[in-house]
Amino acid sequence: MKRSFKIALAGNPNCGKTTIFNLLTGTHQHVGNYSGVTVERKIGICRMGEIKIEIVDLPGIYSLSSATAEERVAFSELMAGDVDLILDVIDSGNAQRNLYLTTQLAELNIPMVLLFNMIDEARNRGLVFNFPILERFFGAPIVEAVGSTGEGIDVLKRLLLQKLCSTERTVPRPIDFGSVAMNAIGELAGELGKLNLPEAGRIPLRYQAIRLLEQDDDLRRLPQTEVLDPLLRKWRKEIHTRFGISSETYIADCRYGMIAGACREAIRMKKRSRHQFTEEIDRVVTNRYLGLPIFFLIMFLVFFLTFQCSLPLMDLLEFAFAKLGGLIEALWPSRHLDYLRSLIVEGIIGGVGGVLVFLPNILILFLAIAFLEGTGYMARAAFVMDGFMHKFGLHGKSFIPMLLGFGCTVPAIMATRTIESERDRLTTIMVLPLMSCGARLPIYSLMIPAFFPPAWQAPVMWLIYFIGVALALICAGILKSTLFRGDDEIFVMELPPYRMPTLRSLLLYMLERTMMYLHKAGTFILTASIILFLFNTLPEKPESAYSKDYAAAIEKIEQSAGLSADRKKSETATLAAEKEKERIQYSIAGRIGNAMTVVFQPLGFDWKVCSALIGAFAGKELFVSQLGILNSFGDAEENATPLREKLREDYTPLQGFCIMLFCLITMPCIATVAVVRRETNSWKWMFFQMIGLTLLAYLITLTVYQIGLLFR
């Protein structure tokens, strides 16, 4: 007897499929991507005694057409040949819409179970179901469930086990499309069978014929099917002549007609409330006048809570990493593999710690976003923003990733997976780095107080953020009218009913996204930090190459009897800082900075700014640390005021503004670059973004600086 089975979990978006998947598999899950695309792939294991069931959570789809990447990978997974059963999850409150996918799944000759989820919400709305009638219509057993509470899951598990272990293989009942269409399907299926198409794989011949009548591009573009064109044209013409509509419209009408008839027989409304709860809320939150202010208020609260709640945890992590570095330095014997000790303390702990310090921020932000998505509000936010975003060639779904970009660009790029249109998704990814992420905030916090009086500080900060948003929208419009030109996608945003997400689903979502962030960002930051450390320390400068004998000078100060202890400490620190400055200028980073000056001098940048830009590629916040070191101050945060005074002595407000402008627009950090490569599955788009943004930053900063010089 077979002991291992595979179930495909299918359903529309927002039907509660993920909750059911979590209940069936628990923590035995693996999350990744389908090969070659960015569609998320979830696999979990459910054990029932000696029976092992692998459950594949398919992407949320509305149909089995090939219009989106999600639909293509879901269909390919179903047709792989190893799926023993399909579990079709249906939102009970929107059964008529969800059952369209069911009619297509029924064509695949795979045993199926229908799970009517969120049955409690449907009954609260007054819906009454006659499931035996629906079971006869679709030829598949039905289970009622409430995913948020786990109600019905035990019944579902028993039924799944029974269906999988049964010696009798029963498949759903396919639709009767009427005599004319059925004759067309029969003749086309017969001819397709003669072709023996390897590309069609295990797709039933009947469903292949239906897809041809539906003008399916994947089948029609195969060279072998060209011989069927005369027969296909004949039947398409026959259907159009008899019914006055195209064959694809006729097939869809038959599906909707069957569903409407089944629902009319099996679902009735016991009571009609005067105003549904969801509709009442939507009248306010999607109002053309109130929608945007409410959205901005909610987002303000999200970010306020994110930063306020995470601050104590971030301080704790900073303290822990500082103590860890100090402990290693204290336990490590002096003058014993000093270089390795510096690499571990400054490169690895300092670099990775700089990323992990932001982990509480990321955790709380993902928790808040998961809550808003779970309640159904995020769909409303995209709907509210659609009109404005459409003016720049995008639609509402692009707004959420752009908003997340103010926190961190890495999760923002991951959030573009919800955008069905590949053109819109690529456009959004290309412009996301222009949204000022949290890592740029230390740069603004350093530069603005250094060069602008208090009355101008808030307006300058607002101006920097505004420039980033405006450039992102302008660039999106240009990209959509050139490289990503095409017909605008119809924005169909499902507005699910409001519901309270379960704590389990929120925590699982937060855990998944956080692990993805750590895996994709932390590993690259570790590598970048080690490389940056090497750039700042190699080659080692010989003692004879320094401008003075610093060791002798320091020893002379320490032996001086006429100086106080504080004076000795101050002068010793000054000499140490001068030596550190010479050492870094001699390093690879210093030499590159000097070489870059030739190109960046027209922007008002000297070798120190150029060298700091190298560090910014590892992480934007590292720009401040590197600039502090290069200006003879070891810790930029502890000596923020002296560093600002030093910057004020060396640079003008125009140069300070141009530094911020360039850091805003130029290529993103290495973690973002890596995620762009991963999410686009293309080196071309990764390099296009890096080079394009850097050129744009250079041209805009050059223009601003040179025009600014005219008014000095």
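Just so it is clear, the structure is predicted and the values come from calculations on it, not from any experiment.

Moving on: the overall build of the protein chain. Looking only at helices and strands, one finds 31 helices and 9 strands in the protein chain. Across the 712 residues in the protein chain, those meeting the buried criterion constitute 50%. In the protein chain, once contacts between residues fewer than 6 apart in sequence are set aside, the share between residues at least 24 apart is 73%. By element, 60% of the accessible surface of the protein chain is carried by carbon and sulfur atoms, the whole surface being about 33,500 Å².

Looking at the protein chain as a whole, the pLDDT averages 82, with 86% of positions reaching at least 70. Per-residue pLDDT stays below 50 along residues 632-641; that stretch engages in 12 contacts with residues further than four places along the chain or on separate chains.

As enumerated under the stated definition, the model contains 20 salt bridges in all. The partner of glutamate 214 in a salt bridge is arginine 255, with the nearest N and O atoms 3.8 Å apart. Residue glutamate 214 is located in the loop between helix H8 (205-213) and helix H9 (217-220), and its partner arginine 255 is located in helix H11 (residues 247-266); the two are separated by 41 residues in the primary sequence. Across the salt bridge formed by aspartate 424 and lysine 480, the nearest N and O atoms sit 2.7 Å from each other. Taken together, the positions of aspartate 424 in helix H19 (residues 422-431) and lysine 480 in helix H21 (residues 454-481) put the pair 56 residues apart, joining distant regions of the chain. For aspartate 424, a relative accessible area of 2% puts it in the buried group. Note on lysine 480: relative accessible area 9%, which makes it buried. Through salt bridges with shared partners, one network takes in Lys6, Glu77 and Asp82.

Look at any regular strand and the pattern is simple: side chains alternate between the two faces of the sheet. Counting buried positions along strand S1 (residues 4-11) gives 7 out of 8 residues, so the element sits mostly inside the fold. As judged from the 6 bridges shared by S1 and strand S4 (residues 51-57), these two strands associate in the parallel manner. Each residue of the ladder has a partner; that of lysine 6, found in S4, is glutamate 54. Inspection of the sheet shows S1 paired to strand S5 (residues 85-91) by 5 bridges, in the parallel sense. By the bridge assignment for S5, glycine 11 is matched with valine 89.

Applying the stated criterion across every chain, the model contains 16 aromatic pairs. Considering the side-chain rings of phenylalanine 600 and phenylalanine 605, the 6.1 Å spacing of their centres and the 10° angle between planes classify their relative orientation as stacked. The class of phenylalanine 605 is buried, set by a relative accessible area of 3%. A centroid spacing of 5.8 Å and a plane angle of 75° characterise the contact between phenylalanine 600 and tyrosine 698, whose relative ring orientation is edge-to-face. With phenylalanine 600 in helix H25 (residues 588-600) and tyrosine 698 in helix H31 (residues 683-710), the pair connects residues that are 98 residues apart, well separated along the chain. A connected cluster of aromatic rings, assembled from ring pairs, spans Phe600, Phe605, Phe662 and Tyr698. The side chain of lysine 541 reaches across the aromatic face of tyrosine 546, ending 4.8 Å from its centre. If you follow arginine 591 out to its NZ or CZ, it ends over the ring of tyrosine 586, 4.5 Å from the centre.

This part covers unusual backbone geometry. Looking along the chain, the bond that leaves leucine 538 and enters proline 539 is cis, with omega of -10°. By the element assignment, proline 539 lies in the loop between helix H22 (503-537) and helix H23 (550-559). For asparagine 109, which is not glycine, the phi torsion reads 60° and is therefore positive. Structurally, the position occupied by asparagine 109 is in the loop between helix H3 (95-105) and strand S6 (112-117).

Residues Met447, Phe605, Phe623 and Met660 are the most contacted members of the largest nonpolar core, which totals 87 residues. For this core, the leading source of residues is helix H29 (residues 653-665), giving 10 residues. Residues contacting phenylalanine 605, with those up to four places away along its chain left out, are Thr597, Phe600, Cys610, Leu613, Cys658, Ile659, Phe662 and Thr701. Counting residues in hydrophobic clusters, the runner-up holds 68 residues, among them Ile86, Phe131, Leu232 and Ile239.

This part is about the side chain of threonine 572. Of note, threonine 572 is situated in helix H24 (residues 565-586). When near neighbours in sequence (up to four residues on either side) are disregarded, threonine 572 contacts Ile554, Ile557 and Glu558.

We now examine a nonpolar patch on the surface. On the surface, a cluster of nonpolar side chains totalling about 450 Å² of accessible area is made up of Trp683, Phe687, Ile691 and Leu695. Relative to the helices and strands, leucine 695 is located in helix H31.

Quick look at the pairing of S4 now. With 5 of 7 residues buried, S4 is to be regarded as a mostly interior element. Two elements, strand S3 (residues 40-48) and S4, share 7 bridges in a ladder whose sense is antiparallel. Paired with methionine 48 across the two strands is isoleucine 51, which belongs to S4. As consecutive antiparallel partners, S3 and S4 are separated by 2 residues, and within that stretch glycine 49 has a phi angle of approximately 70°, a positive value.

Time to look at the packing of H3 against H11. Running from amino to carboxyl end, H3 crosses H11 at an angle of 120°, the nearest separation of the two axes being 9 Å. Relative to H11, the element H3 lies oblique. The two elements H3 and H11 cross, and the hand of that crossing is right-handed. Of H11, the residues touching H3 (which contributes Gln96, Leu99, Tyr100, Thr103 and Gln104) are Ala252, Arg255, Tyr256, Met258, Ile259, Ala260 and Cys263. Taken together, the residues of the contact of H3 with H11 break down into 8 nonpolar, 3 polar and 1 charged.

As a further point, take the side chain of threonine 597. With respect to the helices, strands and loops of the structure, threonine 597 is situated in helix H25. Here the side chain of threonine 597 touches tryptophan 607 through a polar contact of 3.5 Å, landing on its backbone nitrogen. When neighbours within four sequence positions are excluded, threonine 597 is seen to be in contact with Phe605, Asp606, Trp607 and Cys610.

With that settled, the discussion passes to helix H16 (residues 377-390). Over its 14 residues, H16 runs 20 Å from end to end, which matches the ideal 20 Å to within 8%, given 1.5 Å per residue. The sharpest bend along H16 measures roughly 35° and falls at valine 384.

This part covers helix H30 (residues 670-680). The element H30 is largely enclosed, with a buried count of 8 among its 11 residues. Looking one or two places after H30, you find asparagine 681, whose phi comes out positive at around 55°.

Okay, the environment of alanine 122 next. Tracing the chain through its elements places alanine 122 in helix H4 (residues 119-124). With sequence-adjacent residues up to four places away left out, alanine 122 is seen in contact with Ser92, Gly93, Leu127 and Phe129.

Quick notes on the rules
Note that residues are indexed from 1 along each chain, following the sequence as it is written. Local features are withheld for residues below a pLDDT of 70 in this predicted model, meaning they are given only at 70 or higher, and side-chain atom pairs are given and counted only at 80 or more; totals for whole chains, interfaces and linings count all residues. The basis for every side-chain value is the complete set of heavy atoms in the structure, and neither hydrogens nor water enter the calculation. Each helix corresponds to a stretch of at least 4 residues labelled H or I by DSSP, and each strand to a stretch of at least 2 residues labelled E; elements are numbered beginning at the N terminus. Any residue under 20% of the maximum accessible area for its type is buried, any over 50% is exposed, and the rest in between are partly exposed; the area is computed with a 1.4 Å probe on protein chains only. In what follows, residue pairs with any heavy atoms lying within 4.5 Å of each other are defined as contacts. The Shrake-Rupley method, run with a 1.4 Å probe, gives the accessible areas here. Residue values count only the displayed protein chains as cover. Per residue, pLDDT captures the predictor's confidence, and it can take any value from 0 to 100. Any Lys or Arg side-chain nitrogen located within 4 Å of an Asp or Glu carboxyl oxygen qualifies as a salt bridge. Any two strands between which DSSP finds at least two bridges are classified as paired. For Phe, Tyr and Trp, where Trp contributes only its six-membered ring, two rings pair if their centres lie within 6.5 Å, and the inter-plane angle classes them as stacked under 30 degrees, edge-to-face over 60, or tilted in between. Geometrically, a lysine NZ or arginine CZ counts as sitting over a ring once it is within 6 Å of the ring centre and also within 35 degrees of the ring normal. Nonpolar cores are built from buried Ala, Val, Leu, Ile, Met, Phe, Trp, Tyr and Cys residues. Side-chain atoms within 4.5 Å join them into one set. Exposure above 30% relative accessible area and no salt bridge define the residues that can form patches, which grow by joining like charges within 9 Å and nonpolar side chains of Val, Leu, Ile, Met, Phe, Trp and Tyr within 5 Å. Angles shown run from 0 to 180 degrees and are taken between the N-to-C directions of axes, each axis being a line fitted to C-alpha atoms and, for helices, limited to the stretch in contact. By the definition adopted for this analysis, an angle is roughly parallel if under 35 degrees, roughly antiparallel if over 145, roughly perpendicular if from 65 to 115, and oblique otherwise. Left-handed describes a crossing whose near helix is turned anticlockwise from the far helix by less than a right angle; the clockwise case is right-handed. Residues are grouped as follows: Ala, Val, Leu, Ile, Met, Phe, Trp, Tyr, Cys and Pro are nonpolar; Asp, Glu, Lys and Arg are charged; every other residue, Gly included, is polar. Within 3.5 Å is the distance limit for a polar contact, defined as a pair of N or O atoms, with the added protein rule that one can donate a hydrogen and the other accept it, and that residues adjacent in sequence qualify only through two side-chain atoms. To estimate the expected span of a helix, subtract one from its residue number and multiply by 1.5 Å. The reported bend at a residue is simply the angle between two axes, fitted to the 7 residues ending at it and to the 7 residues beginning with it.

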